[in-house]
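# Architecture and fold: a report
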Amino acid sequence: MKPYLSLLLATLLLAGCAAAPEQPTTLRQALFGLGERAAERLTATPPLPSPAVDQVLLVARPEVDPALGLGDERVLESLTRALLAVPDGPQVLEWRDAMAEGGGDNQWRLDSRLVADGPRLQLSDRELLPYRLSLELRRAGNDAPEWHSDISGALDATAL
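Attention here is on the structure that accompanies the text. (Residues numbered from 1 in each chain as written. Predicted model: local features only at pLDDT ≥ 70, side-chain atom pairs only at ≥ 80, totals over all residues. Heavy atoms only, no water.)

This paragraph deals with the environment of Asn142. Within the secondary structure, Asn142 sits in the loop between β6 (127-139) and β7 (147-156). Counting along the chain gives 33 residues from Asn142 to Arg109, while the straight-line C-alpha distance between them is 8.9 Å. Within the structure, the side chain of Asn142 is placed 3.1 Å from the backbone nitrogen of Ala144, a separation counted as a polar contact. (Helix = DSSP H or I, 4+ residues; strand = E, 2+ residues; numbered from the N terminus. Polar contact = N/O pair within 3.5 Å; in protein donor to acceptor, adjacent residues only side chain to side chain.)

Further remarks concern the pairing of β6. For strand β4 (residues 107-116) and β6, the ladder comprises nine bridges, and the chain directions are antiparallel. Following the sheet pairing, Val115 is matched in β6 by Arg132. For strand β5 (residues 121-122) and β6, the ladder comprises two bridges, and the chain directions are antiparallel. Each bridged residue has a counterpart across the sheet, and for Leu121 the counterpart in β6 is Leu128. Counted between consecutive antiparallel strands, the loop separating β5 from β6 contains four residues. (Pairing = 2+ DSSP bridges.)

Per the counting criterion, the structure on display carries 12 salt bridges. One salt bridge connects Arg61 with Glu73, and the closest N-O pair in it is separated by 2.6 Å. Linking Arg61 in the loop between β1 (56-59) and β2 (63-64) with Glu73 in helix α3 (residues 72-84), this pair joins segments that are 12 residues apart in sequence. Classification of Glu73 by relative accessible area gives partly exposed; the value is 45%. (Salt bridge = Lys/Arg side-chain N within 4 Å of Asp/Glu carboxyl O. Buried < 20%, exposed > 50% of the residue type's maximum accessible area, 1.4 Å probe, protein only.)

What follows is about α3. End to end, α3 covers 18 Å across 13 residues, agreeing with the expected 18 Å (1.5 Å per residue, within 8%). Every buried residue of α3 is listed here: Val75, Leu76, Ser78, Leu79, Ala82 and Leu83. For α3, the angular spread of the buried residues around the axis is 160 degrees, confining them to a single face. Across from the buried face of α3, at angles greater than 90 degrees, the exposed residues are Arg74 and Leu84. (Expected span 1.5 Å × (residues − 1). Arc of directions from axis to C-beta.)

This part takes up the pairing of β1. Of the two faces of β1, the one lined by Val56 and Leu58 and the one lined by Leu57 and Val59 are each fully buried. When β1 meets strand β3 (residues 91-94), the two strands line up parallel, connected through four bridges. Along β3, the bridge assignment pairs Leu57 with Val92. Bridge count for β1 against β4 is four bridges, and the pairing is parallel. Counterpart to Leu58 in the pairing with β4 is Arg109.

Secondary-structure assignment places Ala82 in helix α3. C-alpha of Ala82 to C-alpha of Glu40: the two residues are 42 residues apart in sequence and 8.6 Å apart in space. Setting aside chain neighbours within four positions, we find Ala82 in contact with Gly35, Glu36 and Ala39. (Contact = heavy atoms within 4.5 Å.)

Okay, the nonpolar core next. With 30 residues, the main nonpolar core has Leu42, Leu57, Leu70, Leu83, Leu114, Leu133 and Leu137 as its most contacted residues. Counting only elements with at least two residues in this core, the list comes to α2 (27-44), β1, α3, β4, β6 and β7. Judged by nonpolar contacts, the second largest core, of five residues, contains Val56, Leu58, Ala60 and Trp95. (Core = buried A, V, L, I, M, F, W, Y, C linked by side-chain atoms within 4.5 Å.)

Just geometry here; none of it tells us what the structure is for.
Written out as structure tokens, the structure reads:
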């Protein structure tokens, strides 16, 4: 009887370890959907050709509203990861001031701004932070945007 009990306990322990973990409510998860929506919107609309595999996207450091309590580095990481995950997507590099001069016909600069878009919304179990993400796409070395889009939503403040 004792060997069966040990076997049963070991099986239950292994089954508990093998079960899928609950989705973490970390900052990375909270920003994951935001980055995905931005990447989908950017790559689905002109002026980027489809597929964009021969294009180079220079992602500038985003402007982030301090009221959201997010660092620009984390938002940049989220956008970059989402853009890199796009099938047949562009090559993605972080934009630097030294890249301001010139650029080929296949180089694009992505500027973004994430701002609080209203007061915090208090729900029974969490607090939501409404936001608006503005995206502008321009040719590298050109100041005039060739494409602009806004994305609105809300981040779960408990995950931040």
